[in-house]
Amino acid sequence: MFSSTLVNYGIPAVVVVVLIAGLLYARSRRSISPPDVAAGSPRAVSSESPPDSAPSVDSTLFASSHESSSTTPRIGVDDDADDSTKAGADSGTFELATSDGSASGVTVESGAIGGTEAGEAAVESASVRERTSRTRSLFSSAFASIRGKGKVDESTWEELEETLLRADIGIGLTTRLLEPLRAAAKSGSIRTPDDAITALRHEMTQQLSQSNRRLNMNAEVMPNVWLFVGVNGVGKTTTIGKIATAEVGHGTKVLLAAGDTFRAAAAEQLQVWAERSGAAFVRGSEGGDPASVIFDGIQSAHARNIDLVLGDTAGRLQNKSNLMEELKKVRRVAEKAEGTVNEVLLVIDATTGQNGLSQAKEFAAATDVTGVVLTKLDGSAKGGIVFAIETEMGIPVKLVGLGEGPHDLVAFDPAEFVAALFD
């Protein structure tokens, strides 16, 4: 009887007790945090902030370190906004100290045109040599070969000619550079490979030394207007954003006008730059009249006492003829507004080489180009296009792009550029 009772009730009870004890032990083990778990390891994740509850990232915040101060206005005024919104945006806008340099014109010195610390300018100035390494490699290879021969002969000039052509300097300028060197070698003035290399460096520097590279500002007629032209994909909108960052950092009151109404997301891209740099912003409807957007931007800047309007323009329409006619219209209409158009900057991608020269000719004929911005120079072995544009077109290269950062647009310094190719 007893054995039967034990089998029926005792053994199941023991099993239940053992199971309960096991569950309690396992729970107590989970509640204890091991002391040797390093911070940041998977086991150290706090339950108060699970990964799937992390806030989304604001795309306008990643460049906040480039703003001059916490009081710098970050305004994006939409042209379609109602009058009360615009009035509210205008109230108290642009309480920035004016730059002393704006009184008599702005001269962009060598180095970064953006940033508020001298250290940044020094870093960018030094990077010109580092970021033109592809063009420099063409020259250094040729120079090494010429020096290895130990003498100056016909092969010297052939090698130099090939190098200059590969750098996209162009056949006409290449001939003009080498002819006086050949004559000097015949007269005995050039005797060694180093003499020839030094003489070429001098000639190349001289070719670029006469241009006026000032970015013009007229303090007597406000606002100043800088229009940006060029085909799609050359970095036009990004260039505008970088210049806005620089000018706002210098105390200039800036407005960005989104005149490229035909490219998808062009206005949105420019608005992001406006927010990041602290500039005002005006746009029109998608596919609208670019000239009217530029006109409205200039009028808005005049009413709000803004110093500088940076106007984006279309880079592609149905065909080339339509594009050029549209740009002519933009220029005509802009000149009727309450301001002065004192720069029309053509943006060219350095990697396109001689195609960039063709673009310069077409745009110059349509819009009276005052200067060139050469982008993507760090990714090209065709830096010689600088010489071709200046000598054949008479248009100065004013700025060059050496990278993707907001402060990677620098004033073009001929001596520094040539030195970067030769040293």
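For the structure, see preceding data.
Residues numbered from 1 in each chain as written. Predicted model: local features only at pLDDT ≥ 70, side-chain atom pairs only at ≥ 80, totals over all residues. Heavy atoms only, no water.

## Comments concerning the overall build of the chain
- A tally of helices and strands in the chain yields 14 helices and nine strands.
- Counting across all 423 residues of the chain, residues that qualify as buried make up 46%.
- Within the chain, contacts between residues separated by at least 24 positions form 77% of all contacts whose residues are at least 6 apart in sequence.
- As displayed, the chain offers around 20,600 Å² of accessible surface, 51% of which is attributable to carbon and sulfur atoms. (Helix = DSSP H or I, 4+ residues; strand = E, 2+ residues; numbered from the N terminus. Buried < 20%, exposed > 50% of the residue type's maximum accessible area, 1.4 Å probe, protein only. Contact = heavy atoms within 4.5 Å. Areas by Shrake-Rupley, 256 points an atom, 1.4 Å probe, with all protein chains shown as cover.)

## A word on helix H5 (residues 154-166)
- When the terminal C-alpha atoms of H5 are compared, their 19 Å separation across 13 residues agrees well with the 18 Å that a helix rising 1.5 Å per residue should span.
- Looking only at H5, the buried set comprises Thr156, Trp157, Glu159, Leu160, Thr163 and Leu164. For H5, the buried positions fall inside an angular range of 160 degrees around the axis, keeping them on one side.
- On its buried face, H5 sits against helix H4 (133-149), helix H6 (171-187) and helix H7 (193-207). (Expected span 1.5 Å × (residues − 1). Arc of directions from axis to C-beta.)

## What about the layout of surface pockets?
- Roughly 160 Å³ of volume is contained in the second largest pocket.
- Surrounding the second largest pocket, Val234, Gly235, Thr238, Thr239, Lys242, Thr375, Lys376, Asp378, Gly401, Gly403, Glu404 and Leu409 form its lining.
- Tallying contributions element by element places helix H8 (residues 236-249) first for the lining of the second largest pocket, with three residues.
- Residues of the lining of the second largest pocket, tallied by class, amount to two nonpolar, six polar and four charged. (1 Å grid on protein atoms, 1.4 Å probe; cavity = no way out; pocket = protein on both sides within 12 Å on 5 of 7 lines; lining within 4 Å. Points joined across faces, edges and corners; volume = space filled by probe spheres on them. Nonpolar A, V, L, I, M, F, W, Y, C, P; charged D, E, K, R; others polar.)

## Focus on the pairing of strand S6 (residues 340-349)
- Most of S6 is tucked away: 10 of the 10 residues are buried.
- Judged from the six bridges that link them, strand S2 (residues 224-229) and S6 form a sheet pairing that is parallel. The residue of S6 that forms the bridge with Val229 is Leu346.
- What joins S6 to strand S7 (residues 371-375) is helix H12 (residues 354-367), and the crossover it makes is right-handed. (Pairing = 2+ DSSP bridges. Right-handed = clockwise from strand over helix to strand, strands pointing away.)

## Side note on the packing of H8 against helix H9 (residues 266-277)
- Relative to each other, H8 and H9 sit at 15 degrees, their axes nearing to 9 Å. Looking at the two axes, H8 sits roughly parallel to H9. Pair H8 / H9 crosses with right-handed handedness. Of the residues in H9, those touching H8 at Thr237, Thr238, Ile240, Gly241, Lys242, Ala244, Thr245 and Val248 are Ala266, Gln269, Leu270, Trp273 and Ser277.
- When its residues are assigned to classes, the contact of H8 with H9 shows six nonpolar, six polar and one charged. (Axes fitted to C-alpha atoms, helices over the stretch in contact; angles between N-to-C directions. Parallel < 35°, antiparallel > 145°, perpendicular 65-115°, else oblique. Left-handed = near helix turned anticlockwise from the far one by under 90°.)

## Some remarks on unusual backbone geometry
- In this chain, Met222 is followed by Pro223 through a cis amide linkage whose omega measures 0 degrees.
- In this fold, Pro223 is placed in the loop between H7 and S2.
- Even without being a glycine, Asp168 presents a positive backbone phi close to 70 degrees.
- Tracing the backbone shows Asp168 in the loop between H5 and H6.
- Here Asp368, not a glycine, exhibits a phi torsion of approximately 55 degrees, which is positive.
- By the secondary structure assignment, Asp368 is in the loop between H12 and S7.

## Brief notes about the pattern of salt bridges
- Within this structure, the stated rule accounts for 11 salt bridges.
- Arg283 is paired through a salt bridge with Glu268; the nearest N and O atoms lie 3.3 Å apart. With Arg283 in strand S4 (residues 280-283) and Glu268 in helix H9, this pair connects stretches of sequence that are 15 residues apart.
- On the accessibility criterion, Arg283 (15% relative accessible area) is buried. (Salt bridge = Lys/Arg side-chain N within 4 Å of Asp/Glu carboxyl O.)

## Quick notes on the packing of aromatic side chains
- Throughout the structure, instances matching the rule amount to five aromatic pairs.
- Relative to Phe422, the ring of Phe143 lies with its centre 5.1 Å away and its plane at 35 degrees, an arrangement referred to as tilted. In this pair, Phe143 sits in helix H4 while Phe422 sits in helix H14 (residues 414-422), placing the two residues 279 residues apart along the sequence. Judged on exposure class, the residue Phe143 and its partner Phe422 are both buried.
- Centroid distance Phe387 to Phe417: 6.1 Å. Interplanar angle 40 degrees. Geometry classified as tilted. (Phe/Tyr/Trp six-rings, centres within 6.5 Å; stacked < 30°, edge-to-face > 60°.)

## A few points about the packing of H4 against H7
- Close contact between H4 and H7 brings their axes to 9 Å; oriented N to C, the two are set at 150 degrees. Viewed along their axes, H4 and H7 adopt a mutual orientation that is roughly antiparallel. Note that H4 runs across H7; the crossing there is right-handed. Listed contacts from H7 to Phe139, Phe143, Ile146 and Arg147 of H4 are Pro193, Asp194, Ile197 and Met204.
- Its residues placed into classes, the contact of H4 with H7 shows six nonpolar, no polar and two charged.

## Some thoughts on the nonpolar core
- In terms of nonpolar packing, the biggest core is built from 69 residues, with Leu200, Met204 and Leu374 touching the most fellow members.
- If you look at the next biggest cluster of nonpolar residues, it comprises 25 residues, including Ile240, Ala244, Leu256 and Val373. (Core = buried A, V, L, I, M, F, W, Y, C linked by side-chain atoms within 4.5 Å.)

## Some remarks on the pairing of S2
- Counting buried residues in S2 gives six out of six residues, a clear majority hidden from the surface.
- With burial as the criterion, each face of S2 is covered, one bearing Asn224, Trp226 and Phe228 and the other bearing Val225, Leu227 and Val229.
- The pairing of S2 with strand S5 (residues 308-312) spans five bridges and is classified as parallel. Bridging from a neighbouring strand, Phe228 pairs with Asp312 of S5.

## Re the environment of Arg191
- Looking at the secondary structure, you find Arg191 in the loop between H6 and H7.
- In this structure the C-alpha to C-alpha distance between Arg191 and Lys151, which are 40 residues apart in sequence, comes to 7.4 Å.

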